[in-house]
Amino acid sequence: MFYNRIKAKNGAPKAIVATARKIAAIFYKMVKERVKFNPIPIEKYMDGFKENQIKKLKRQAKKLKCSYLRDKKNNDHKPEFRTTLVNIGVRQTGPSLIF
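Everything numeric in this text was worked out from a predicted model, so none of it was measured. (Residues numbered from 1 in each chain as written. Predicted model: local features only at pLDDT ≥ 70, side-chain atom pairs only at ≥ 80, totals over all residues. Heavy atoms only, no water.)

A look at the overall build of the protein
Thinking step 1. Scanning the protein for helices and strands turns up three helices and four strands.
Thinking step 2. Each helix and strand of the protein, ordered N terminal to C terminal, gives the series α-α-α-β-β-β-β.
Thinking step 3. Counting across all 99 residues of the protein, residues that qualify as buried make up 10%.
Thinking step 4. Long-range contacts, defined here as pairs at least 24 residues apart, represent 16% of the contacts in the protein between residues at least 6 apart.
Thinking step 5. With an accessible surface of roughly 8,700 Å², the protein has 59% of that area assigned to carbon and sulfur atoms. (Helix = DSSP H or I, 4+ residues; strand = E, 2+ residues; numbered from the N terminus. Buried < 20%, exposed > 50% of the residue type's maximum accessible area, 1.4 Å probe, protein only. Contact = heavy atoms within 4.5 Å. Areas by Shrake-Rupley, 256 points an atom, 1.4 Å probe, with all protein chains shown as cover.)

Considerations on helix 3 (residues 42–63)
Thinking step 1. Taking 1.5 Å of rise per residue, the 22 residues of helix 3 would be expected to cover 32 Å, and the 31 Å separating its terminal C-alpha atoms lies within 8% of that figure.
Thinking step 2. Of the residues trailing helix 3, K65 is marked for its positive phi of about 60°. (Expected span 1.5 Å × (residues − 1).)

Structural notes on the environment of F2
Thinking step 1. Within the secondary structure, F2 sits in helix 1 (residues 2–10).
Thinking step 2. Along the primary structure F2 and T19 are separated by 17 residues, whereas in three dimensions their C-alpha atoms are 7.2 Å apart.
Thinking step 3. Discounting chain neighbours no more than four positions away, the residues touching F2 are A18, T19, K22 and Y45.

As for a positive patch on the surface
Thinking step 1. A surface patch of like charges, here positive, comprises K9, K55, K56 and R59.
Thinking step 2. Per element, the largest residue contribution to the positive patch is three residues, and it comes from helix 3.
Thinking step 3. With respect to the helices and strands, K56 occurs in helix 3.
Thinking step 4. Taking the relative accessible area as the measure of exposure, K56 reaches 35% and is therefore partly exposed. (Patch = residues over 30% accessible without salt bridge, like charges linked within 9 Å, V, L, I, M, F, W, Y side chains within 5 Å. Salt bridge = Lys/Arg side-chain N within 4 Å of Asp/Glu carboxyl O. Lys, Arg positive; Asp, Glu negative; His and termini not counted. Charge placed at Lys NZ, Arg CZ, Asp CG, Glu CD.)

Details of helix 2 (residues 12–33)
Thinking step 1. For helix 2, with 22 residues, the first-to-last C-alpha span of 31 Å sits near the 32 Å given by 1.5 Å per residue.
Thinking step 2. Phi turns positive, to about 55°, at R34, one or two residues after helix 2.

Quick word on the packing of helix 1 against helix 2
Thinking step 1. Two elements in contact, helix 1 and helix 2, have axes whose closest approach is 7 Å; the angle formed by their N-to-C orientations is 145°. Crossing of helix 1 over helix 2 shows right-handed handedness. Across from F2, Y3, I6, K7 and N10 in helix 1, the residues of helix 2 making contact are A12, K14, A15, I16, A18, T19 and K22.
Thinking step 2. Grouping the constituent residues of the contact of helix 1 with helix 2 by class yields seven nonpolar, two polar and three charged. (Axes fitted to C-alpha atoms, helices over the stretch in contact; angles between N-to-C directions. Left-handed = near helix turned anticlockwise from the far one by under 90°. Nonpolar A, V, L, I, M, F, W, Y, C, P; charged D, E, K, R; others polar.)

Observations concerning the packing of aromatic side chains
Thinking step 1. Per the stated rule, a full pass over the model turns up zero aromatic pairs.
Thinking step 2. The ring of F2 carries the charged tip of K22 above its face, separated from the ring centre by 4.1 Å. (Phe/Tyr/Trp six-rings, centres within 6.5 Å; stacked < 30°, edge-to-face > 60°. Lys NZ or Arg CZ within 6 Å of the ring centre and 35° of its normal.)

Here is the structure:
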């Protein structure tokens, strides 16, 4: 997942180097501190990734002077965000992102 995310953002060569560096850092820590590899569960990793994406979207909306609303009708674990583009006078009424 890490490799694919970096590859999509920066291309394959950068993703290979970043992934190799991450593996090397993990290996170094394991050897130096003599600990077993204990990865975080994929669910916890994905939850943290989603939280970071939401924070990023909020920052981008603030930068673009857009507002976002959480749809309270949908009470499951998939919040919906609606965007109102105030600065150019365009209003989008449907859900724009669903996690």
